[in-house]
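# Per-entry structural report
Okay, here's what each chain looks like letter by letter:
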Amino acid sequence: MNCDKCETPLPARVRADVRYACGLPSVMLINVEVQRCTNCGNEIVHIPNITGLNKAIAEAVASQEDRLCGAEIRFLRKYLGWSGADAARILGSRAETLSRWENDRLPIPTPTERLLRVLAMSNRPVEFYEDMLGELGRERRHEGLKATLRDSVWMARRSHGADAAAA
Ligand SMILES: [Zn+2]
């Protein structure tokens, strides 16, 4: 394997503690495999299961006692796969306001911070939250719920629009 910056062949892997560049103030990866280019000093860090790593970090951040700082809010948003616009819709805010939270220029309201933490712990695809929370605040239009039993599994759906017709 060659250096991705200068093409010099890389030395053998060694174990080291390295900073994880994930946007958070200080995350150290302990005892991971690293190759340092002898020519340009470029460091290649070998991180197995990055998805699992990000999940572990997100859950630690989402369950910490301290209030979230801007970088932590941004990390959780990106972990959830949300753009700024997605986050604004789902959290019921505006993109400019979200940007201020993420840049520590405005404190995030406590209920919003709690919501973000809970959503980060459940980590569903962005469409799930969009469907659940994106339209919140609109005028009520559904009549109620229809609960149907199929193969011992209960499904409850809003009884307006296509769902009601299909049920
Ligand atoms: Zn190099």
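Residues numbered from 1 in each chain as written. Predicted model: local features only at pLDDT ≥ 70, side-chain atom pairs only at ≥ 80, totals over all residues. Heavy atoms only, no water.

## Topic: the coordination of the zinc ion
Applicable threshold: The rule for donors is simple: an N, O or S atom within 2.8 Å of the metal counts, and for Na, K and Ca the reach is 3.2 Å. Water is not among the atoms, so a site may look short of donors. When four donors show all angles between 85 and 135 degrees the site is tetrahedral, when four or six donors have opposite pairs over 155 degrees and all other angles between 65 and 115 it is square planar or octahedral respectively, and in every other case it is irregular. Note on conventions: DSSP H or I runs of at least 4 residues are helices, E runs of at least 2 residues are strands, and numbering of each starts at the N terminus. Three labels apply to residues, based on accessible area from a 1.4 Å probe with only protein chains included: buried if under 20% of the type maximum, exposed if over 50%, partly exposed otherwise in between.
Within the protein, the zinc ion binds to Cys3 (SG), Cys6 (SG), Cys37 (SG) and Cys40 (SG); these donor distances fall in the range 2.3 Å. Angles of 100 to 118° at the metal separate the 4 donor atoms of the zinc ion, which places the site in the tetrahedral class. For the zinc ion, the donor residues sit on a single chain with the sequence spacing C-x2-C-x30-C-x2-C. Remark: Cys37 occurs in the loop between strand 2 (28-36) and strand 3 (43-46) and Cys3 occurs in the segment before strand 1 (14-19); sequence separation between them is 34 residues. Side by side, Cys3 and Cys37 carry an identical accessibility label, which is buried.

## Some remarks on the domain arrangement of the chain
Threshold: Residue ranges for the domains trace back to a domain assignment, done automatically or taken from a database. In what follows, residue pairs with any heavy atoms lying within 4.5 Å of each other are defined as contacts. Summed over both partners, the accessible surface that disappears when two parts come together, traced with a 1.4 Å probe, is what is meant by buried area. Just to be clear on terms, a salt bridge is a Lys or Arg side-chain nitrogen sitting within 4 Å of an Asp or Glu carboxyl oxygen. Think of a polar contact as two N or O atoms within 3.5 Å of one another; within protein, one of them needs to be a possible hydrogen donor and the other a possible acceptor, and neighboring residues in sequence only count if both atoms come from side chains. Following the grouping adopted for this structure description, the nonpolar residues are Ala, Val, Leu, Ile, Met, Phe, Trp, Tyr, Cys and Pro, the charged ones are Asp, Glu, Lys and Arg, and the polar ones are all others, Gly among them.
Along its sequence, the chain is organised into domain 1 (1-48), domain 2 (49-136) and domain 3 (139-167). Measuring from the centre of the C-alpha atoms in domain 1 to the corresponding centre in domain 2 gives 29 Å. In this assembly, 9 residues from domain 1 lie in contact with 9 residues from domain 2. Carbon and sulfur atoms supply 76% of the area buried between domain 1 and domain 2, which totals about 710 Å² over both sides. One can count 0 salt bridges joining domain 1 with domain 2. Applying the counting rule to domain 1 against domain 2 returns 2 residue pairs in polar contact (both at pLDDT 80 or more). The residue inventory of the side of domain 1 that touches domain 2, partitioned by class, reads 8 nonpolar, 1 polar and no charged.

## Brief notes about the pairing of strand 2
What counts is decided by this rule: A pair of strands is labelled paired if DSSP reports no fewer than 2 bridges between them.
As paired elements, strand 1 and strand 2 share 5 bridges and run antiparallel to each other. Looking at strand 2, one finds that Arg19 is bridged to Met28. Pairing of strand 2 with strand 3, which is carried by 4 bridges, proceeds in the antiparallel orientation. Within strand 3, the position partnered with Glu33 by the bridge is His46.

## Focus on the side chain of Arg117
Structurally, Arg117 is set in helix 5 (residues 110-122). Overall, the relative accessible area of 12% leaves Arg117 in the buried class. A polar contact is formed between the side chain of Arg117 and the backbone oxygen of Ala62, at a distance of 3.1 Å. If we ignore the near neighbours within four places in the chain, the residues touching Arg117 are Val61, Ala62, Ser63, Gln64, Asp66, Arg67 and Leu68.

## Comments concerning the nonpolar core
To keep things clear, this is the line we draw: Note on terminology: a nonpolar core comprises buried Ala, Val, Leu, Ile, Met, Phe, Trp, Tyr and Cys residues joined through side-chain atoms within 4.5 Å.
Ranked by internal contacts, the top residues of the largest apolar core, which has 33 residues, are Ile57, Phe75, Leu76, Leu80 and Trp82. When residues of this core are assigned to domains, at least three map to each of domain 1 (1-48) and domain 2 (49-136).

## Section: the sheet that holds strand 3
Test applied: All axes here are fitted lines through C-alpha atoms, helices being fitted over the stretch that makes contact, and every angle between N-to-C directions spans 0 to 180 degrees.
An order of 1-2-3 is seen for the 3 strands of this open sheet, with the pairing classed as antiparallel. Of all the strands in the sheet, just strand 1 and strand 3 have a single pairing partner and so form its edges. On average, adjacent strands in this sheet sit at an angle of 55° to one another, irrespective of strand direction.

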